[in-house]
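Descriptive structure summary
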Amino acid sequence: MQDATVLHYPLEKRGIFSRVRGELGLKVFLTDDPTVRISNPIAEFDNMMGTPSEASNAIRENQQYTTNNQARNFQHLPRNNQTMPQQYQQQMNQTQQTQQQQQYYTSIGSMPPPPLEVPGRNMYATGDMRQENPQPQPRIVRMFSSSSQQPIDHQLKETSPSLGGGRVVGGRVISNKKPGTYDLVEQMQYLFIQVVKARDLPNMDLTGSLDPYAEIRLGNYRMRTRTFNKNSRPEWDEVFAFPKETVQASMVEVFVKDKDLLVDDFVGLVRFDLNEIPTRVPPDSPLAPEWYRLQSKDGDRTKGEIMLAVWIGTQADEAFPSAYHADSVPLDPSIASTHIRGKIYPAPRLWYVRVAVIEAQDVFAHERTRLPEVFVRIRLGHQMIRTKGVQSRNANFQWNEEHMLVAAEPFEDALIITTEDRHGANKDEVLGEISINLSQVPKRGDSRLVRPQWFSLRRNVLVDLEQLKEDPHSSKIHLMVVLDGGYHVLDESTQYSSDLRPTMKQLWKNPVGVLELGILNIDGLHPMKTRDGHGVCDAYCVAKYSQKWVRTRTMVNSLAPRFHEQYTWEVYDHATVLTIGVFDNCQLGDERSTAHLDGNSHQRDHVIGKVRIRLSTLEAGRVYTHNYPLLVLQGSGVKKMGELHLAIRFTVTSLFNSLYVYTRPLLPKMHYIQPLSMQQQEYLRHQAVTIVATRLSRAEPPLRREVVDYMLDAHAHLFSMRRSKANFFRLMSVLSGPLAVGRWLSEVCAWKNPVTTVLVHVLHIMLVCYPELILPTIFLYMFLIGLWNYRYRPRYPPHMNTRLSHADGAHPDELDEEFDTFPTSRGMELVRMRYDRLRSVAGRVQTVVGDVATQGERIQSLLSWRDPRATAVFLLFCIIAAIILYVTPTQVLAVLLGFYLMRHPRFRRKLPSAPANFFRRLPAKTDSLL
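As the structure is a computational prediction, the values presented were derived from the model and not from experiment.

Right, let's get into the overall build of the chain. Helices and strands together make up the secondary structure of the chain, namely 17 helices and 37 strands. Looking at the chain as a whole, 40% of its 930 residues qualify as buried. For the chain, the accessible area works out to roughly 54,100 Å², and carbon and sulfur atoms hold 56% of it.

To continue, consider the side chain of Arg354. Summarising the element assignment, Arg354 is placed in strand β17 (residues 350–361). Side-chain polar atoms of Arg354 contact the side chain of Tyr487, separated by 2.9 Å. If we skip the residues at most four places from it in the chain, Arg354 touches Glu402, His403, Met404, Arg444, Met480, Val481, Val482, Asp484, Tyr487 and Gln674.

Here 3 strands make up an open sheet; going across it, the order is β4-β5-β6 and the pairing antiparallel. A single partner strand is all that each edge strand has here, and the edge strands are β4 (162–163) and β6 (172–174). With 3 bridges joining them, strand β5 (residues 166–169) and β6 adopt antiparallel strand pairing. Directly across from Arg167, in β6, lies its bridge partner Ile174.

A separate point is the pairing of strand β37 (residues 637–652). Within β37, 12 of the 16 residues are buried, leaving the element largely enclosed by the surrounding structure. Relative to β37, strand β36 (residues 623–634) is paired through 11 bridges, and the arrangement is antiparallel. For Pro629, the partnering residue across the bridge sits in β37 and is Glu643. Once β36 ends, the chain turns through 2 residues before running back antiparallel as β37.

What follows concerns the pattern of salt bridges. Tallied over the entire structure, the rule returns 49 salt bridges. For Arg226, the salt bridge goes to Glu238, with nearest N and O atoms at 2.5 Å. With Arg226 in the loop between β9 (221–224) and β10 (235–243) and Glu238 in strand β10, this pair connects stretches of sequence that are 12 residues apart. Judged by relative accessible area, Arg226 falls into the partly exposed class, the value being 42%.

This brings us to a nonpolar patch on the surface. A cluster of nonpolar residues, Ile774, Leu775, Ile778, Phe779, Tyr781, Met782 and Ile785, forms a patch on the protein surface that exposes about 700 Å² of accessible area. With respect to the helices and strands, the residue Ile778 is situated in helix α12 (residues 774–789). Relative accessible area serves as the criterion here: at 42%, Ile778 is assigned to the partly exposed category.

What follows covers the pairing of strand β33 (residues 577–584). Side-chain positions along a regular strand alternate between the two faces of the sheet. The buried fraction of β33 is high, at 8 of 8 residues. Alternating positions in β33 separate into two faces, Val577, Thr579, Gly581 and Phe583 on one and Leu578, Ile580, Val582 and Asp584 on the other, with burial throughout. With 6 bridges connecting them, strand β30 (residues 539–545) and β33 associate as antiparallel partners. In the strand pairing of β33, Lys544 is matched with Thr579. Alignment of β33 against strand β35 (residues 606–614), held across 8 bridges, turns out to be antiparallel. Residue pairing across strands places Val582 opposite Gly609, the latter belonging to β35.

Right, let's get into the confidence of the model for the chain. Per-residue pLDDT for the chain averages 80, and the proportion of residues at 70 or more is 81%. Predicted confidence for residues 103–148 stays below pLDDT 50, and this span has 73 contacts to residues more than four positions away or in other chains. Segment residues 461–472: pLDDT under 50, and 8 contacts once partners within four positions in sequence are set aside and those in other chains are kept.

With that settled, the discussion passes to the environment of Gln634. Secondary-structure assignment places Gln634 in strand β36. Residues contacting Gln634, with those up to four places away along its chain left out, are Lys639, Met641, Leu815 and Phe819.

Here the focus is helix α11 (residues 754–769). Compared with the 22 Å implied by 1.5 Å per residue over 16 residues, the 23 Å span of α11 between its first and last C-alpha is a close match. Taken residue by residue, α11 has Thr757, Val760, His761, His764 and Val768 as its buried positions. Buried residues in α11, looked at end-on, bunch into an arc of 105°, giving them a common side. Pointing more than 90 degrees away from the buried face of α11 are the exposed residues Val755 and Leu759. Of the surrounding elements, those touching the buried residues of α11 are α10 (721–749) and α16 (890–901).

The strand order across the open sheet formed by 5 strands is β3-β36-β37-β27-β32, and the pairing between neighbours is antiparallel. Strands at the two margins of the open sheet, each flanked by one partner only, are β3 (157–158) and β32 (562–571). Where strand β27 (residues 513–523) and β37 come together, 10 bridges link them in antiparallel fashion. Pairing of Val514 across the sheet is with Thr651, part of β37.

Looking now at the packing of aromatic side chains. For the structure shown, the criterion picks out 17 aromatic pairs. Ring centres 6.2 Å apart and planes at 45° place the aromatic pair Tyr190 and Phe192 in the tilted group. Classification of Tyr190 by relative accessible area gives buried; the value is 0%. A network of ring pairs unites the aromatic residues Tyr190, Phe192, Trp311 and Phe320 as a single cluster. For the cation-ring pair, Arg199 lies above Trp291, with the distance from its terminal atom to the ring centre recorded as 3.9 Å. The ring centre of Tyr624 lies 5.0 Å from the NZ or CZ of Arg622, which sits over that ring.

Moving on to the packing of α11 against α16. Contact geometry of α11 with α16 gives a least axis separation of 9 Å together with a crossing angle of 165°. On the basis of their axis angle, the class for α11 and α16 is roughly antiparallel. Crossing handedness for the pair α11 and α16: right-handed. On α16, the residues that touch His761, His764, Ile765, Val768 and Cys769 of α11 are Gln891, Ala894, Val895, Gly898 and Phe899.

Tracing the sequence through the fold places Val374 in strand β18 (residues 373–380). Counting along the chain gives 17 residues from Val374 to Gln391, while the straight-line C-alpha distance between them is 6.4 Å. Setting aside its immediate chain neighbours within four residues, Val374 contacts Val363, Lys388, Gly389, Val390, Phe397, Trp399, Thr419, Glu420 and Leu431.

All right, on to the nonpolar core then. With 37 residues, the main nonpolar core has Leu517, Trp569, Ile608, Leu644, Leu646 and Ile648 as its most contacted residues. Put simply, the parts of the chain that give this core at least two residues each are β27, β30, β32, β33, β35, β36 and β37. Counting residues per element, this core draws most heavily on β37, which supplies 5 residues. Each residue touching Ile608, except ones within four places of it in the same chain, is listed here: Leu525, Met528, Cys537, Ala539, Val582, Phe583, Asp584, Leu630, Val632 and Met641.

Conventions adopted
Residues numbered from 1 in each chain as written. Predicted model: local features only at pLDDT ≥ 70, side-chain atom pairs only at ≥ 80, totals over all residues. Heavy atoms only, no water. Helix = DSSP H or I, 4+ residues; strand = E, 2+ residues; numbered from the N terminus. Buried < 20%, exposed > 50% of the residue type's maximum accessible area, 1.4 Å probe, protein only. Areas by Shrake-Rupley, 256 points an atom, 1.4 Å probe, with all protein chains shown as cover. Polar contact = N/O pair within 3.5 Å; in protein donor to acceptor, adjacent residues only side chain to side chain. Contact = heavy atoms within 4.5 Å. Pairing = 2+ DSSP bridges. Salt bridge = Lys/Arg side-chain N within 4 Å of Asp/Glu carboxyl O. Patch = residues over 30% accessible without salt bridge, like charges linked within 9 Å, V, L, I, M, F, W, Y side chains within 5 Å. pLDDT = per-residue confidence, 0-100. Expected span 1.5 Å × (residues − 1). Arc of directions from axis to C-beta. Phe/Tyr/Trp six-rings, centres within 6.5 Å; stacked < 30°, edge-to-face > 60°. Lys NZ or Arg CZ within 6 Å of the ring centre and 35° of its normal. Axes fitted to C-alpha atoms, helices over the stretch in contact; angles between N-to-C directions. Parallel < 35°, antiparallel > 145°, perpendicular 65-115°, else oblique. Left-handed = near helix turned anticlockwise from the far one by under 90°. Core = buried A, V, L, I, M, F, W, Y, C linked by side-chain atoms within 4.5 Å.

Right under this line is the structure:
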């Protein structure tokens, strides 16, 4: 008995189509030992469950419970799922995907996000199987859509507001009146007061001088102009706007005062009755200002006049963007500045500057005792590039290198090229220099050849007479400098580009549509700083599309600001993205406001959130009114800062041009004729972002650097473990479709469902006999799928998804690493831990890349005679296959191949096939790696 071993016997099948498989392990022996007794599993089961009747009842109850659960889950299936195995397969696939994600998180030392609720999984989970009233399972209608994975508080909310064109219901504007210019925002009336200038003002000080300013009083509103020192004829030319819906007065007063140290002196005033103020509706001409005689407080005339223009208008008024708004300025006029005004910023037109350094002649080093190492340094503003060092004994040097830089119109910086001699580390000596004005450089829009020119290098060092006698000729350098206007200068992230046109306007095509954006309001803003002991927020919005940046006015001291401003852009390509960012204004100069609530410096405008809208996802002519959640990723995780209410409409002006755009290359043709390397693109994009940020910061009011960086995703190229995970699972999601087809084919070949396999055999024979039906069948199938999916098409633009971004389940250490500075500012031990983790992840990536390269090298080794026996066998197979294919009809071979791949499991073996074994034995270049 001790020598007996377990033997495995395969189970015999009753027929060819029997699904029985497996082996039965038996231990057979002959013994006369009386201690060996016959086992009684029924008795053991009775001992565990109780009496035989109790055991039978327990088994019966368990079977009944399982049957009820299956029936209940089958009832909750959607109507397009007709069989239980399909539902079970979806559940198992989802379970397997969740397990793979958890294994990946465990391998990189992170925490997985909370698992998805998969309908029907409770029947497999651990717990009380005898639950009397189990919870009903939800229907699997949108299980794999992005909206189902997104938390409810982070989803878009469709609204039906009443705008200037009418009420928006389901994307359509319902109104009997003709829409006006500002039909995507609520028409709001404002009282505009333009204070132009004053004259003949009396001197109020003892010294005979006057420091005048104008103050406007309307109910509780107090607004004032800037002060002119010692000037009796000031020219303010400032416009003030008061929302008419909040005005609680019947008179508006304009005071002229003299600025003093203690109490400002009264000079005069002008009163207007609100009921007598005219209304101006664009496109009416602007209202002409008039001279008004100043009066005393009793109504008597005094000395001096002031020029004013007073009218009632709407947001369509051209004075609206530049006006000081009473609803966006607090009662304290000391913080009223240009930083609160809305503006439109045209981005500078960027050019690529191509510099080809060919050669230089008569370049003599000052030290004749050694062999000089000469290189060329190219400088344009803050950009600097250098060529390689070249040595020569005859004072002639050749480089033949091309470099590219970024310049912006108008060209302010000159292109400076110097030849330098490298003496050692950080020790270079200038041998010659030349300055080139970019306004005189030729421009080109294609790849035509530009003739190089010789430039004389001027010396910046003093030389003696003996050296001039030895070197009577001036040094020259051979250069080709050109402004490449056929490229689109990439200043945005390539995934979120808002403009794809080349730099030269002559190469622009006609626009295909018009984009209209209405910025309505923000709800539920979080306090960003404290002022007078209360949490406040001074919010403003910045929208960027194409070469036009817009900035709304700043709404001061408001956690629910109402903007209602509308902007318009021409669209040249609908494969572009509109970006809207919300920021907290920290430049008001209010000493009562403290630092930001998260502890950061109050000198930087703080980010509240961002919204991206891809135009290709919008239906033409439809008005999209949604509340977009403002989601910000912080060190503590994802935080919702509020909801931005927008109204968007994309109108197609030419349907033919709109469809023709799909046939054109995404970028201008110069990107394909003379492509830029990835390293060049990253370097040039960084330079372009710096130039745009510098130019926009010089505007009034300025767009600060942190705003431009956030809008252009300037730091998106930095490493993030969270983004790496998101991209990995995005790739897995893309491959899930082909993998599902592969699993279905493997099930067909394994005869899991004989009826399906037989139908596939019939379809295979039909397509082999009539191969002309293959492509029509495929296209007809895709047409039917697309037609079926039309009813499930998305009704709203895509928005940021925290679940897809792996932001809601990110580990705190990963978030801290993502927000770390570059270079790092963390401690040595923490950096060491992160480095080891990165090495672990990179090691797995390295292994996968190596395996893929090995398979490709094995394919290459089939004909390389690296393995002479394998190559000979493969050549023999090729000649035999060629002969067979010549004499045998292709249809017969296709039928036989299909039948062989779908053969019954009875005729299969678990061992790998001979071709697979042959392929795995082929050599690769792994033997040559160190």
